[in-house]
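Now for the letters of each chain:
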Amino acid sequence: MNYRRMAVKELEKNGYSLKRNGAKHDIYFNQTTRTMITLKRHDFDKNDYRYIKKEIKQNCIDQNRIARR
């Protein structure tokens, strides 16, 4: 199971797009929520995947709080 590939699909599904590539990480940006998430390029495991999913969820919750104001 390739957790990094799964994380990329999850990011894209939630409106994130690749902003730039780095030597050790990639940066994904969501235009709607104006948030960035860095994604490691090496040694990506299940815990990293769970962290990315948590960050996506948290950013969506924060955006909903801002929109209600």
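So, a few notes on the structure that sits alongside this text.

Cut-offs applied
- Residues numbered from 1 in each chain as written.
- Predicted model: local features only at pLDDT ≥ 70, side-chain atom pairs only at ≥ 80, totals over all residues.
- Heavy atoms only, no water.
- Buried < 20%, exposed > 50% of the residue type's maximum accessible area, 1.4 Å probe, protein only.
- Helix = DSSP H or I, 4+ residues; strand = E, 2+ residues; numbered from the N terminus.
- Arc of directions from axis to C-beta.
- Polar contact = N/O pair within 3.5 Å; in protein donor to acceptor, adjacent residues only side chain to side chain.

Brief notes about helix 1 (residues 3-13)
Thought 1: Among the residues making up helix 1, those that are buried are Tyr3, Arg4, Ala7, Val8, Glu10 and Leu11. Across the axial projection of helix 1, the buried residues extend over an arc of 165°, all falling on one side. Relative to its buried face, helix 1 has exposed residues pointing more than 90 degrees away, namely Arg5, Lys9, Glu12 and Lys13.
Thought 2: The N-cap of helix 1, judged by a side-chain oxygen 3.2 Å from the amide nitrogen of arginine 4 a few residues on, is asparagine 2.
Thought 3: Of the residues flanking the end of helix 1, it is glycine 15, one or two places downstream, whose phi is positive at about 90°.

Re the environment of asparagine 30
Thought 1: Among the structural elements, asparagine 30 can be located in strand 2 (residues 25-30).
Thought 2: When its relative accessible area of 4% is taken as the criterion, asparagine 30 is described as buried.
Thought 3: Counting along the chain gives 19 residues from asparagine 30 to leucine 11, while the straight-line C-alpha distance between them is 8.8 Å.

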